[in-house]
Amino acid sequence: DAKPVQTGAKFILEEGVLTVVSVDGYRMAVRRESLSGQEEATFIVPGRTLQEASKLLSAESDETAELYLAKKHIIFHINGYSLISRLLEGEFLDYKAAIPAGSATTVTVSVRAFLNSVERSSLMINDRLRSCIRLSFTEEGIGVSCSTALGKVSDAVPASLTGSNVEMAFNNRYLLDALKACDCDQVKLAINGSLSPMKILPMEGDSFLFLVVPVRFKAD
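Residues numbered from 1 in each chain as written. Predicted model: local features only at pLDDT ≥ 70, side-chain atom pairs only at ≥ 80, totals over all residues. Heavy atoms only, no water.

Engineer: Would you take a moment to explain helix α3 (residues 111-121) for this structure?
Structural biologist: The set of residues buried in α3 consists of V111, F114, L115, S117, V118 and S121. Seen from one end, α3 has its buried residues packed into an arc of 160°, which puts them on one side. Buried residues along α3 sit against β8 (105-110), β9 (133-138), β10 (141-148), β11 (151-157), α4 (172-180) and β14 (186-191). (Buried < 20%, exposed > 50% of the residue type's maximum accessible area, 1.4 Å probe, protein only. Helix = DSSP H or I, 4+ residues; strand = E, 2+ residues; numbered from the N terminus. Arc of directions from axis to C-beta. Contact = heavy atoms within 4.5 Å.)

Engineer: Where do I start with the environment of E167 in this structure?
Structural biologist: Of note, E167 is situated in strand β13 (residues 166-170). The exposure class assigned to E167 is partly exposed, which follows from its relative accessible area of 35%. With 81 residues separating them in the primary sequence, E167 and R86 have C-alpha atoms 44 Å apart. Excluding residues within four positions of it along the chain, E167 makes contact with R134, L135, S136, S194 and F217. Here the side chain of E167 touches R134 through a polar contact of 3.0 Å, side chain to side chain. (Polar contact = N/O pair within 3.5 Å; in protein donor to acceptor, adjacent residues only side chain to side chain.)

Engineer: Hey, could you run me through the packing of α3 against α4 in this one?
Structural biologist: Angle between the axes and distance between the axes: these two values describe a pair of packed helices. For the pair α3 and α4, the least separation of the axes is 10 Å and the interaxial angle reads 155°. The angle between α3 and α4 places the two elements in the roughly antiparallel class. Two packed elements cross with a definite hand, and for α3 against α4 that hand is left-handed. Counted together, V111, F114, L115, V118 and E119 of α3 and N172, L175, L176, L179 and K180 of α4 form the full contact between these two elements. Residues that form the contact of α3 with α4 fall into these classes: seven nonpolar, one polar and two charged. (Axes fitted to C-alpha atoms, helices over the stretch in contact; angles between N-to-C directions. Parallel < 35°, antiparallel > 145°, perpendicular 65-115°, else oblique. Left-handed = near helix turned anticlockwise from the far one by under 90°. Nonpolar A, V, L, I, M, F, W, Y, C, P; charged D, E, K, R; others polar.)

Engineer: Is there a simple way to think about the pairing of β13 in this case?
Structural biologist: The side chains of a regular strand alternate between both faces of the sheet. For β13, a buried count of four out of five residues is recorded, marking the element as mostly surrounded by other parts of the structure. Two elements, β9 and β13, share five bridges in a ladder whose sense is antiparallel. Each residue of the ladder has a partner; that of F137, found in β13, is V166. (Pairing = 2+ DSSP bridges.)

Engineer: Quick question: what am I supposed to make of the nonpolar core here?
Structural biologist: One broad trend across soluble globular proteins is that nonpolar side chains are buried collectively. Judged by nonpolar contacts, the single largest core of 34 residues is most densely connected at F114, L135, F137, I142, L189 and M198. In terms of residues, this core owes the most to one element, α4, which gives five residues. Each residue touching I142, except ones within four places of it in the same chain, is listed here: V107, V109, F114, L135, S136, F137, D155, A156, V157, A159 and L189. Judged by nonpolar contacts, the second largest core, of 13 residues, contains V5, V30, F92 and L211. (Core = buried A, V, L, I, M, F, W, Y, C linked by side-chain atoms within 4.5 Å.)

Shown next as structure tokens:
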């Protein structure tokens, strides 16, 4: 709220690639898509505008969405509807500087298996009983656990690890949001220590990146 410009999503169009970036202080999402043409532009669309635009988009429709950009406004033409919005002005987060370089641990895991495990563990969490999801990355796989007054859950997910073992904790909703948005079968988790943000990446290319900040926890 202190920086309204950060409540929007930054669109960067350059060299035939559209990059969209959004942040909320605890996580970041980056999406890239190749486009025809070599136009260059940078603008920030309010998050509420994009929520309304997403409601008009249909995964089953083959229609093309059109965007018209002015100095302070943007118009979306989607499935016969026109959505007009002001653009946000100000200095957006330097997202490239926020992405950790390199990784001490790399984990390859099935998106569906990991998502199901986090969802099972999240059954112990509600608005009254808040807790984090603890992840233990080892050569045996990923250990997923959670403990609240409702009970305890301990689960295991097969995974391939390269590098050092590490234990981390996360807000369950942040993990679920990122995994549900991955449109692939497997992802890479790039980790640089228990307190460094975890990167969720595709197996090949750079079509998306999710950055999730971990939660501090007391060791047993």
